[in-house]
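Structural description and commentary
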Amino acid sequence: MGLRRSIYKTPAQLRSMMEPGLITAAALDAVRAMIAPGVTTIELDAAASRIITGRGARSNFQLVRGYRHTICASVNEQVVHGIPSDRALQPGDIVSIDCGAERSGWNGDSAVTFVLPDPARPQVVAEREELSRVTEGSLWAGIAALARARHVADVGAAVQDYVDAQPGTYGILRDYVGHGIGRKMHESPSVFNYRVPDPGPEVRPGLVLAIEPMVAAGDEATFVEDDGWTVSTRDGSAGSHWEHSVAVHDDGIWVLTAPDGGAAGLAPFGVVPSPIQ
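Criteria and cut-off values
- Residues numbered from 1 in each chain as written.
- Predicted model: local features only at pLDDT ≥ 70, side-chain atom pairs only at ≥ 80, totals over all residues.
- Heavy atoms only, no water.
- Helix = DSSP H or I, 4+ residues; strand = E, 2+ residues; numbered from the N terminus.
- Rg over C-alpha atoms; globule rule 2.2 N^0.38 Å.
- Buried < 20%, exposed > 50% of the residue type's maximum accessible area, 1.4 Å probe, protein only.
- Contact = heavy atoms within 4.5 Å.
- Areas by Shrake-Rupley, 256 points an atom, 1.4 Å probe, with all protein chains shown as cover.
- Lys, Arg positive; Asp, Glu negative; His and termini not counted.
- Charge placed at Lys NZ, Arg CZ, Asp CG, Glu CD.
- Pairing = 2+ DSSP bridges.
- Axes fitted to C-alpha atoms, helices over the stretch in contact; angles between N-to-C directions.
- Core = buried A, V, L, I, M, F, W, Y, C linked by side-chain atoms within 4.5 Å.
- Polar contact = N/O pair within 3.5 Å; in protein donor to acceptor, adjacent residues only side chain to side chain.

The subject of this paragraph is the overall build of the chain. Assigned secondary structure in the chain consists of seven helices and 15 strands. The C-alpha radius of gyration computed for the chain amounts to 17 Å, which stays within 12% of the reference 19 Å derived for 277 residues, consistent with globular compactness. On the principal axes, the C-alpha backbone points of the chain span a range of 55 × 40 × 35 Å. A burial count over the chain gives 56% of its 277 residues as buried. Considering only intrachain contacts with a sequence separation of at least 6, the fraction spanning at least 24 residues in the chain is 68%. Looking at the chain as shown, the accessible area adds up to about 11600 Å², and 51% of this sits on carbon and sulfur atoms. Taken together, the 23 basic and 33 acidic charged side chains of the chain have centroids lying 8 Å from each other.

See below:
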């Protein structure tokens, strides 16, 4: 019973998680509005910070020991946990931005991937756009599965099935997974992005998960760079990362980090999200 008390929220607690989710979404929208060749990742970090603090929240990334930035910005072969810097984005770059906000003791967490245009390298851009499409699609497949799942592991099976069904070969990172979210950004349970033998906790009202597939265009093997944070592919292939925080409640599911609750992303899967009452 201790595990259940720690991962299942009350309806009132779910309602308290809506605002930090929307603040997280707004911060990523600010990044989306300014991302372009020549912009530095530290400038993107500042844009996200202005939104979060301006809405009375704080960056939950800065609550992680040793990390002082608002976002993670991972470029090209970097898949996750890239540190913002004076690095200027270049045409054709694929950039994953991960962001989170904490307000009134509750957390939101979300990530998106962008591909910058490059008329000189249309094939590279097309391949990276397809990687991002596959990764985002697998995220929505996992969220849609959550609406019908009996156990948390059903989510990872759906993510893997989606990726495996795509043309080409992609590597799903195995060492980095999603998680529960609530009073802390990272809570139990782990949310794998692939099939695992353990079914995991029961999916029932009050469960809130941060589902976040991380996919490489080549092999799944990664290493941590010398900065102690940035996770990059060993073979130098491009990476993509998409994430949403999703609540299960009495009437269905609601994507806390999407202003429409996930309606657009879930529509192709025949799932209609229900607002939290």
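The strand order across the open sheet built from five strands is E8-E7-E9-E14-E15, with neighbouring strands paired in antiparallel fashion. The sheet terminates laterally at strand E8 (187–191) and strand E15 (252–255), the two strands that pair on one side only. On average, each strand axis in the sheet is inclined to that of its neighbour by 25 degrees, with strand direction left out of account. Here strand E7 (residues 178–180) pairs with E8 via three bridges, running antiparallel. Its bridge partner lying in E8, His179 is registered against Ser190.

Further remarks concern the nonpolar core. Grouped together as the largest cluster of nonpolar side chains are 44 residues, with contacts concentrated most on Leu44, Ile97, Ile143, Leu146, Leu207 and Ile211. Here this core gets five residues from one element, more than from any other, and that element is helix H5 (residues 122–146).

A few words on the side chain of Ser96. Within the secondary structure, Ser96 sits in strand E4 (residues 94–103). Within polar-contact distance, the side chain of Ser96 engages the backbone nitrogen of His241 at 3.2 Å. Setting aside its immediate chain neighbours within four residues, Ser96 contacts Cys72, Ala73, Ser74, Val79, Val112, Thr113, Gly239, Ser240 and His241.

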